[in-house]
Amino acid sequence: MTQALFFRSGAVTRLPIALSLCAALVACETTNDTSATEPPEPGVLAPTRNGPADAAPGTCWGKTVSPAVVERVSTQVQIKPAKVNPDGTIGRPPVYRTEEKQVIVTPRRDNWFETPCADVLTPEFIASLQRALSARGGYAGAITGTMDPATRRAVQAFQRADGPDSGVLTLAAARELGLIAVPRETTD
């Protein structure tokens, strides 16, 4: 199971996370707008953390977390050696104890991907996203302009093959759907 999160790079870089989250919660309590208290994507936190270490300031990032793979390993540990008779025969077999321990086979991994920033995810943009997914046969719901569970499932299904298995729209998927312009390559 993966979790999806996204953050705006460079938004609050010097405040501790706890202080930033506390400030975000206070801001949410002072507004009457329910959209400010309800995150637009699953697992969204207030834009208080950067993306990956090399993220450009002002960019937005999503993250899926690949959990660690842990296996239980059993080993036999000799606690008493065998008693060998002078003629070479075994007088008493060795005594073993079974020890079990957990071993991390694959460590936990954060998988970062660039996303459209929250200010881009307007109702008009989301309606265009729903129409683009519908035209490709991936969305059958009403064009509502809200990032509802059906839209998230359609986004996840669309980008699963080439991108993260996440309902958070990647910048690459938005470009592939024609919703965000692809930057021109400059020839020097």
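Cut-offs applied
- Residues numbered from 1 in each chain as written.
- Predicted model: local features only at pLDDT ≥ 70, side-chain atom pairs only at ≥ 80, totals over all residues.
- Heavy atoms only, no water.
- Disulfide = S-S within 2.5 Å.
- Helix = DSSP H or I, 4+ residues; strand = E, 2+ residues; numbered from the N terminus.
- Buried < 20%, exposed > 50% of the residue type's maximum accessible area, 1.4 Å probe, protein only.
- Contact = heavy atoms within 4.5 Å.
- Axes fitted to C-alpha atoms, helices over the stretch in contact; angles between N-to-C directions.
- Parallel < 35°, antiparallel > 145°, perpendicular 65-115°, else oblique.
- Left-handed = near helix turned anticlockwise from the far one by under 90°.
- Core = buried A, V, L, I, M, F, W, Y, C linked by side-chain atoms within 4.5 Å.
- Arc of directions from axis to C-beta.

Novice: Sorry if this is basic, but what is going on with the state of the cysteines here?
Specialist: Here a disulfide denotes one covalent bond, and it connects the sulfur atoms of two cysteines. If you walk through the whole model with that rule in mind, you get 1 disulfide. Sulfur-sulfur distance for the disulfide between Cys 60 and Cys 117 comes to 2.1 Å. Its torsion about the S-S bond being 110°, the disulfide of Cys 60 and Cys 117 is classed as right-handed. One end of the pair, Cys 60, is in strand β2 (residues 60-66); the other, Cys 117, is in the loop between β7 (109-115) and α3 (123-135), with 57 residues separating them in the sequence. With respect to burial, Cys 60 and Cys 117 carry one shared label: buried.

Novice: Please clarify how the side chain of Thr 151 should be interpreted in this entry.
Specialist: With respect to the helices and strands, Thr 151 occurs in helix α4 (residues 149-159). Owing to a relative accessible area of 0%, Thr 151 belongs among the buried residues under this scheme. Among residues more than four places away in sequence, those in contact with Thr 151 are Leu 129, Gln 130, Leu 133, Tyr 139 and Thr 146.

Novice: Just to check I follow, could you spell out the packing of α3 against α4 for this structure?
Specialist: In a pair of packed helices, the angle between the axes and the distance between the axes together describe the arrangement. Running from N to C, α3 and α4 point in directions that differ by 55°, and their axes come no closer than 11 Å. If you check the angle between α3 and α4, you find them oblique. Every pair of crossing elements has a handedness; the one defined by α3 and α4 is left-handed. Packed against α3, whose contacting residues are Leu 129, Gln 130 and Leu 133, the element α4 presents Thr 151, Ala 154, Val 155 and Phe 158 at the interface.

Novice: How should I be thinking about the nonpolar core in this particular structure?
Specialist: One broad rule of soluble globular proteins: the nonpolar side chains tend to lie buried together. Phe 125, Ile 126, Leu 129, Leu 133, Val 155, Leu 169 and Leu 177 are the most contacted members of the largest nonpolar core, which has 14 residues in total. Looking at this core, the elements that each hand over two or more residues are α3, α4 and α5 (171-176). Sort the elements by how many residues they give to this core and α3 lands first, with 5 residues.

Novice: It is not clear to me how α4 should be interpreted in this structure. Could you clarify?
Specialist: Each α-helix turn comprises 3.6 residues. Residues three or four places apart therefore point the same way. Along α4, the residues classified as buried are Thr 151, Arg 152, Ala 154, Val 155 and Gln 159. The buried residues of α4 occupy an angular sector of 160° when projected down its axis, which confines them to one face. Where α4 is buried, its residues contact α3 and α5.

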